[in-house]
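Coordinate analysis (summary)
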Amino acid sequence: MAQHMPRRHRVAVLIRPGFIPFELGIPHRIFGIARDAELRPLYEVVTCTPGGPGLVRSDSDVLVQVEHGPEVLETADTVVVPASHTSGPDGTDPAGGDPRLEPELAAALARIRPGARLMSICTGAFVLAAAGLLDGRPATTHWSESDRFRRLYPRVELDPDVLYTDDGDVLTSAGVASGVDLCLHVVRRDHGTAVAQDVARRTVVPPHRDGGQAQYIRRPVVAGRVAGPGADAAQARGAGTAATRAWALDRLDEPLTLAAMARHAAMSVRTFTRRFRDETGESPAQWLTRQRVEHARTLLESTVLPVEQVARRCGFGTAQSLRAHVHAALGVTPSAYRRTFRRAA
């Protein structure tokens, strides 16, 4: 007797004229290649439009033949709304200064079944906000559109400085590439670290960037700075902290001091700290603690190591220190996190 195949989680990507091809590809790529231990697909990803099947023009010369209309939204477990650069047929455009939804788009969103998870990429958050789905909830969007978003939708708790937000059944992401981070975060939330890391490896992207990491907002460069010898000269040549971050990730079980990290980067402590924060949005200590917590999550999910050994392998030293940091980051103890993940798995 054939074994019953579990129903795959259906992800519907709702696009409109003027969509960005890269954003359309993100959920198809990230969710589409996620596999379980038996290499079975974990998600079914389909594309739909408010107006029904047909050709949809992107913001470039790319046209996509979409096979599904809004009826797909009635069966979707997750709905993803990417950005669009074109207004609706009646001139309305939630991302263009008009807080209304075009009737066709509003009718499509009304077909989303209760309990479905909602996600937006970049200015797709404007659509969810115009539909009233973000009122009273945390959200983000591209930093350059944050002022307009706040004016149009003051009831949304906008945070323009993060890569993505997760409010359970409603998730939003900032600029284009942060859609990758959000989709990987959802895969990890649904199926654990191992599956998300496998997807990240296959797509050659970082396995995890925390949602609280700062967006890449351009900051003014101080004019007239003259590079001095040593560390400042390395900075002037374009040296960054990425290599040192990779070096530190291989040594999380060791005592990593700020001085040691700066020395590896061939910078003064002051220059390294400033450059590190510019590149990551965090101080070296904050980043290191977060990486150690992430490593602890992986070990708690994928091994049966005692908490004391997990603490040592992550660089926290003692079980008490591990409990304090995991509870501060996740709101639960390491043992409770491990039990919860095993029940979900």
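Fair warning: this is a prediction, and the values are worked out from it, not measured in the lab.

A few words on the overall build of the chain. Helices and strands together make up the secondary structure of the chain, namely 14 helices and 10 strands. Counting every position in the chain, which comprises 345 residues, the buried fraction comes to 48%. Here the contacts in the chain between residues at least 6 apart in sequence split such that 63% fall between residues at least 24 apart. Accessible surface for the chain amounts to roughly 16,900 Å². Of this, 54% is attributable to carbon and sulfur atoms.

Our focus in this paragraph is the sheet that holds strand E1 (residues 9-14). Spatially, six strands are ordered E2-E1-E5-E6-E10-E9 in an open sheet, and the strand pairing comes out mixed. For this open sheet the edge positions go to strand E2 (43-48) and strand E9 (164-166), each flanked by a neighbour on one side alone. Ignoring strand direction, the axes of neighbouring strands in this sheet form an average angle of 15°. Sheet topology note: the strand E5 (residues 78-81)/strand E6 (residues 117-120) ladder contains four bridges and is parallel. Looking at E6, one finds that Val80 is bridged to Met119. Here helix H1 (residues 21-32) sits on the sheet in contact with E1, E2, E5 and E6, set at roughly 165° to E2.

The next point concerns helix H10 (residues 269-280). For H10, with 12 residues, the first-to-last C-alpha span of 16 Å sits near the 16 Å given by 1.5 Å per residue. Restricting attention to buried positions, one finds in H10 the residues Thr271, Phe272, Arg275, Phe276, Glu279 and Thr280. One side of H10 holds all its buried residues, which, seen down the axis, span an arc of 135°. One or two residues past the end of H10 sits Gly281, with phi positive at roughly 80°.

Moving on: unusual backbone geometry. A positive phi angle is found at Leu39, which is not glycine, with a value near 65°. Its location among the elements puts Leu39 in the loop between H1 and E2. Assessed through its relative accessible area of 66%, Leu39 is described here as exposed.

Moving on, we come to the packing of aromatic side chains. In the structure shown here, the tally under the stated rule is six aromatic pairs. Relative to Tyr43, the ring of Phe31 has its centre 4.8 Å away and its plane inclined at 55°; by these criteria the two rings are tilted. Of the two residues, Phe31 is situated in helix H1 and Tyr43 in strand E2; the sequence distance between them amounts to 12 residues. Ring plane angle 55° and centroid distance 5.5 Å describe the contact between Phe272 and Phe276, whose orientation is recorded as tilted. Here Phe272 and its partner Phe276 are both found in helix H10, four residues apart, which amounts to about one turn of the helix. The exposure classification of Phe272 matches that of Phe276, with both residues buried. Joined through ring pairs, the aromatic side chains of Phe126, Phe149 and Tyr153 make up one cluster.

To continue, consider the packing of H1 against helix H5 (residues 178-191). When two helices pack together, their arrangement is given by the angle between the helix axes and by the axis-to-axis distance. Two elements in contact, H1 and H5, have axes separated by 10 Å at closest approach and are oriented at 30°. Comparing the axis directions of H1 and H5 gives the class roughly parallel. In the packing of H1 onto H5, the handedness of the crossing is right-handed. Contacts between H1 and H5 involve Ile26, Pro27, Ile30 and Phe31 on the former and, on the latter, Gly179, Val180, Cys183, Leu184, Val186 and Val187.

Rules used in this analysis
Residues numbered from 1 in each chain as written. Predicted model: local features only at pLDDT ≥ 70, side-chain atom pairs only at ≥ 80, totals over all residues. Heavy atoms only, no water. Helix = DSSP H or I, 4+ residues; strand = E, 2+ residues; numbered from the N terminus. Buried < 20%, exposed > 50% of the residue type's maximum accessible area, 1.4 Å probe, protein only. Contact = heavy atoms within 4.5 Å. Areas by Shrake-Rupley, 256 points an atom, 1.4 Å probe, with all protein chains shown as cover. Pairing = 2+ DSSP bridges. Axes fitted to C-alpha atoms, helices over the stretch in contact; angles between N-to-C directions. Expected span 1.5 Å × (residues − 1). Arc of directions from axis to C-beta. Phe/Tyr/Trp six-rings, centres within 6.5 Å; stacked < 30°, edge-to-face > 60°. Parallel < 35°, antiparallel > 145°, perpendicular 65-115°, else oblique. Left-handed = near helix turned anticlockwise from the far one by under 90°.

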